[in-house]
Amino acid sequence: MGLETLYEFIAAEKRGMVLYSRDPHFLVLGSTENPKFRIDIKEKQLFVPVQWFDEGGLATKEMEWKIYHELTSYLFLKEDYKYLAHRKDRIMEKAQDFNSWMARDLFPGKDLNPTSVFDYILTEVRRFYHHLDRIAQGVHLAQRLPVYREAESAEAIYQVLVHEGVTDKLDKRSPHIQYLYNMEIEALTGYPPQDYGNYELIHRKILGKDTIDFLKDVCLYPQGVRDDLFDGYFYPVYLELWIEELESRYKEAEKKFQDVKEEHRLMKVMEDMDEEEETIDAIDLQDQDQLANEELDSPDNDDQTAQERKDNRIEHEIQEMDKHWSIEGRTRAEYEQIKKEINPLRNQMQTFWKEMLRNSLQFKKVFKQPLKKGSLIIDEFVRGYPDYQESMRKGSLNDLEIYGQYQTRVKSMIGVDGIEVTLMIDNSGSMDDIKRHYAKRAMSAMLFSLQDLNAYLVRYRKLLGKRTDIKTQVYYFGSDFEEVRPLSRPQSFQKEEKQWLDLIAYLNGLSGHTHDEKPLRDVYENLNKEQKDLLEKNKLLKIIFVITDGASNDKEKVKEALAKLRKEKIVVLGVQIGQLTEEELKQFKYIWQEPGTSQGIILGQNLSKLPQLLLGQLGDLLNLIK
C-alpha cells in the first residue's frame, strides 16, 4: 500500500477520526521518512509511516486499530499535557533512586561511569511507563469503540503487535521486558503469550482479581492515579525482575571477563541487555521525553521550577486519591503532620535495622579444592603428576585441578521465618485528645518502621540466604473491639496509605469501657495450626503491644488470656499511659507485673516518650531473633 492508497484510506476515515479525536483541526498525514508513528501535539498532526502499509505490512483492519491507538495517545497528551512534566519528574526520581541503590548496594565500591549507567537506568524506567501507557491506550480504545472488544478484532490487534516486534523471540528477552510484553499481549488481545517467561506473574490475584483484569480497571483512572497504581502494584515486580537479571548477568560477566576492569564489566552487562531489545522502543521513549520537553517550554510552565512541578504533581495525586477513597481533608492533614513528626524516629530505626542485619551475618572462610586455579596443593599435584606431564607436553595447564583457594561463605544468624507484630490500642472514652495524639504517632512510627525492615529483608534476601516475612495487625478496643488492620504483609502504596488514614480517623475515643481481654482472646482463638507449629519450633516471633490508659473491666479475664498466649510462646507487652488512681495502678501491676506474667511498663504522664518507647522495645525484641 503506497502513499496514495494510504491517503485514500485516511480520507475515507476522516470523519470517524475527527469524532474520535474530538478535534476538527487534527490532521493524519502520511510520511515516507520516519519509520515510526509520530505525534506533533502543537501542530495537531499524526504522521503515519507509509512503509508500515506497503506490501507485507498491515491489512486494512489492522491499520485502523493502529491509527486509532495512536489517536488515543494524542487524547492522553491533550487531556493530561500538564501532567507530562510531573511524569518526567516521577521517572527521574525513580531513576535516581535506583542509581543510588545500585551504586550503594548492588555494586558497592565499584568504579562506574555515572553518565553511562544513569542513561541505561533512565531508559529502563521509561520503558516501564511506556508499555503500560500502550496498554492503557488499548483499553481506552476498546472502551470507546466496542468493535475492538469483539473476538475477530483480537487477531488484527495481535498482528499489529507482531509487526511491532512485541511477540518476536519473547523467550529470549530479559525477564522484566517479558513481563511487560506478556501483559501487553494478553491485555490487548486476550491471547495468553505462547512463549515462556513470567507467565505466572500476570495471572496472580490482586485485590481478588486476575492481574490482567485489575490492570484494565487501573487503565481507566486519570493518569496521575493510574501512575500511582502502576507504581504500587506493577513496578515492584518489574523492579525485582530487573534486579535479578542484573545480578545474574553480572555474575556471568565476572566469570567471562575476570581480568576486565569493573566498570567495563558492568557496562558489558548493560550493553548485552540493550542489544536484546528492539530499537523501536528506544525511539518511542525518546519521543515521549521530547513531548515532555515541548510541554515544559509552553507558556503555562514558564514560571515553574522542577521542584514546583514535583510539588504540584504530588498535590494533584493526593487530591485524586482522597477523592477516590473519600478521605476527609482534616484526616489527610493530620496524617501528613504525623509523618513529618515521626520522620526522625523512622530514620533512626532505618539505621538500626541495617546494623541489626549486618550483625546477623556470620562470615566463614572455607578452603575449597581441587580447583583449576589458586594455590598449588602438593598432594593433588603428586596424584595428578602424569596428567601434569601430558599437559606440559601439550603446552596447556588450564585443565589441571591441582589448586585450591579460600572462599568466604556468608550465613545469616536470623533464625525465624516470620515476624508478626500486633498493636492493640485503647479507644475507650477515657482516651482524650492528648493520649490519642501520641498513640497515633506511636502506631504510625511502628508501622512505618516495620515496613522499612520488611523492605530491607526483601532487598537483602539473597545475602541473608532466606526470606523472613513481616506481618502487622492493629486492634482498637473499648466496650467491644475491632480489628482495624487485619494481619497482613506490607501492601501496595495506595492500599497501605488508605489503611493508615483509616487508622487515624477511627481512633476517636468513642468506644465506651476498657475490655482489653477481647482482642487478646481474639488473637488466641484465631491462631492456626501453622502458626502454632512455627511458634513451638521458635520459627515464628509473635509480639503483641497493648496500650491502655486505665483499669481493665475484667482483670481476671485479661490474666487468663495472657496465660494462654504466653503458653503459645507469644510475647505480650503492656504499656500504661496517663495518670492512674491507686486502684488502677494496683490492678495494672497485678495483671502485667506479677512474677511470671507478661511484661508491663508504666509510662504515666510522659506521653511524648510513647513512640520512642515502643520502637525501643520493638528493636530490643527483634534484635534477639538470631
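Refer to the structure above for everything that follows.
Analysis parameters
- Residues numbered from 1 in each chain as written.
- Predicted model: local features only at pLDDT ≥ 70, side-chain atom pairs only at ≥ 80, totals over all residues.
- Heavy atoms only, no water.
- Helix = DSSP H or I, 4+ residues; strand = E, 2+ residues; numbered from the N terminus.
- Axes fitted to C-alpha atoms, helices over the stretch in contact; angles between N-to-C directions.
- Parallel < 35°, antiparallel > 145°, perpendicular 65-115°, else oblique.
- Contact = heavy atoms within 4.5 Å.
- Nonpolar A, V, L, I, M, F, W, Y, C, P; charged D, E, K, R; others polar.
- Buried < 20%, exposed > 50% of the residue type's maximum accessible area, 1.4 Å probe, protein only.
- Pairing = 2+ DSSP bridges.
- Expected span 1.5 Å × (residues − 1).
- Core = buried A, V, L, I, M, F, W, Y, C linked by side-chain atoms within 4.5 Å.
- Right-handed = clockwise from strand over helix to strand, strands pointing away.
- Salt bridge = Lys/Arg side-chain N within 4 Å of Asp/Glu carboxyl O.
- Polar contact = N/O pair within 3.5 Å; in protein donor to acceptor, adjacent residues only side chain to side chain.
- Left-handed = near helix turned anticlockwise from the far one by under 90°.
- Phe/Tyr/Trp six-rings, centres within 6.5 Å; stacked < 30°, edge-to-face > 60°.
- Lys NZ or Arg CZ within 6 Å of the ring centre and 35° of its normal.

Regarding the environment of histidine 140
(1) Moving on: Inspection of the secondary structure assignment puts histidine 140 in helix α4 (residues 114–144).
(2) Moving on: Each C-alpha atom, one on histidine 140 and one on leucine 220, is 6.8 Å from the other, the two residues being 80 residues apart in sequence.

Let's talk about the packing of helix α6 (residues 175–189) against helix α7 (residues 211–218)
(1) Moving on: Contact geometry of α6 with α7 gives a least axis separation of 10 Å together with a crossing angle of 75°. Between α6 and α7, the angle falls in the class roughly perpendicular. On α7, the residues that touch Met183, Glu186 and Ala187 of α6 are Thr211, Ile212, Leu215 and Lys216.
(2) Moving on: Residues belonging to the contact of α6 with α7 are distributed by class as follows: 4 nonpolar, 1 polar and 2 charged.

Points about unusual backbone geometry
(1) Moving on: Of note, asparagine 538 is a non-glycine position whose phi angle comes to about 60°, a positive value.
(2) Moving on: Among the structural elements, asparagine 538 can be located in the loop between α20 (529–536) and β12 (540–548).
(3) Moving on: Even without a glycine there, the phi angle at lysine 569 is positive, about 70°.
(4) Moving on: Overall, the relative accessible area of 36% leaves lysine 569 in the partly exposed class.

What about the sheet that holds strand β1 (residues 27–31)?
Strand pairing in a sheet takes place through backbone hydrogen bonds and is either antiparallel or parallel in direction.
(1) Moving on: Strand order in the open sheet formed by 3 strands is β1-β3-β2, and the pairing between neighbours is mixed. Each having just a single partner strand, β1 and β2 (38–40) make up the two edges of the open sheet. Across the sheet, the mean angle separating the axes of adjacent strands is 25° when strand polarity is ignored.
(2) Moving on: Examined bridge by bridge, β1 and strand β3 (residues 45–49) share 5 bridges and lie parallel to one another. Bridge pairing in β3 links leucine 29 to phenylalanine 47.

A few points about helix α5 (residues 151–164)
(1) Moving on: A rise of 1.5 Å per residue sets the reference length of α5, with its 14 residues, at 20 Å; its end C-alpha atoms lie 21 Å apart and thus fit the reference within 8%.
(2) Moving on: Along α5, the residues that are buried comprise Ser153, Ala154, Ala156, Ile157, Tyr158, Val160, Leu161 and Glu164.
(3) Moving on: Just downstream of α5 lies glycine 165, where phi reads positive at about 90°.

Details of the nonpolar core
(1) Moving on: Residues Tyr179, Met183 and Phe234 are the most contacted members of the largest nonpolar core, which totals 74 residues.
(2) Moving on: No other element matches α4, which puts 13 residues into this core.
(3) Moving on: Beyond its immediate chain neighbours, meaning those up to four positions away, phenylalanine 234 contacts Phe128, Leu132, Tyr179, Met183, Ile206, Thr211, Phe214, Leu215 and Leu229.
(4) Moving on: Core analysis: the second largest hydrophobic core is formed by 56 residues, Leu450, Tyr456, Leu507 and Phe545 among them.

Notes on the pairing of β12
(1) Moving on: The buried fraction of β12 amounts to 9 of the 9 residues, a majority that puts the element mostly inside the structure.
(2) Moving on: Residues Leu540, Lys542, Ile544, Val546 and Thr548 line one face of β12 and the alternating positions Leu541, Ile543, Phe545 and Ile547 line the opposite face, and both faces are buried.
(3) Moving on: Relative to strand β13 (residues 571–577), β12 runs parallel, the two sharing 6 bridges. Looking across to β13, one finds that isoleucine 547 is bridged to valine 575.
(4) Moving on: You can see the chain leave β12, run along helix α21 (residues 555–567) and come back into β13, and the turn it takes is right-handed.

Looking at the pattern of salt bridges
(1) Moving on: If you walk through the whole model with that rule in mind, you get 25 salt bridges.
(2) Moving on: A salt bridge links glutamate 328 to arginine 330, with the nearest nitrogen and oxygen atoms 2.9 Å apart.
(3) Moving on: Under the relative-accessibility criterion, arginine 330 is labelled exposed at 67%.
(4) Moving on: Here glutamate 497 and arginine 332 are joined by a salt bridge, their closest N and O atoms 2.9 Å apart. Of this pair, glutamate 497 sits in helix α18 (residues 493–506) while arginine 332 is found in helix α13 (residues 329–359), placing the two residues 165 residues apart along the sequence.
(5) Moving on: Residue glutamate 497 is classed as buried on the basis of its relative accessible area of 4%.
(6) Moving on: Linked by salt bridges that have partners in common, Arg87, Arg90, Lys94, Asp133, Asp227, Asp228 and Asp231 make up one network.

Overview of helix α16 (residues 433–459)
(1) Moving on: The end-to-end C-alpha distance of α16 is 39 Å, a good match for the 39 Å that 27 residues give at a rise of 1.5 Å each.
(2) Moving on: Summarising burial for α16: 19 of the 27 residues are buried, a large majority.
(3) Moving on: The backbone nitrogen of isoleucine 434 lies 3.2 Å from a side-chain oxygen of the residue at the head of α16, namely aspartate 432.

Here's the deal with the environment of leucine 132
(1) Moving on: Examined against the element boundaries, leucine 132 turns out to sit in helix α4.
(2) Moving on: Along the chain, leucine 132 and leucine 215 lie 83 residues apart, while their C-alpha atoms are 9.1 Å from each other.

Here we look at the packing of helix α19 (residues 517–525) against α21
(1) Moving on: Contact geometry of α19 with α21 gives a least axis separation of 9 Å together with a crossing angle of 25°. Comparing their axes, α21 and α19 come out roughly parallel. For α19 against α21, the interelement crossing comes out left-handed. Here Glu517, Leu520, Arg521, Val523 and Tyr524 of α19 lie close against α21, whose contacting residues are Lys557, Val558, Ala561, Leu562, Lys564 and Leu565.
(2) Moving on: Partitioned by chemical class, the residues of the contact of α19 with α21 number 7 nonpolar, no polar and 4 charged.

Considerations on the packing of aromatic side chains
Any aromatic ring pair is given by two values, namely how distant the centres are and how the planes are angled relative to each other.
(1) Moving on: Evaluated as defined, the whole model comprises 15 aromatic pairs.
(2) Moving on: With 5.4 Å between their ring centres and 65° between their planes, phenylalanine 352 and tryptophan 353 make a pair best called edge-to-face.
(3) Moving on: Seen in terms of ring centroids, tyrosine 475 and phenylalanine 481 are 5.9 Å apart; in terms of plane orientation they differ by 50°. Their pairing is tilted.
(4) Moving on: Judged by relative accessible area, phenylalanine 481 falls into the partly exposed class, the value being 29%.
(5) Moving on: Counting every residue linked through ring pairs, the aromatic cluster contains Phe98, Tyr120, Phe128, Tyr129, Tyr235, Tyr238 and Trp242.
(6) Moving on: The aromatic ring of tyrosine 235 is capped on one face by lysine 94, whose charged end is 5.0 Å from the ring centroid.

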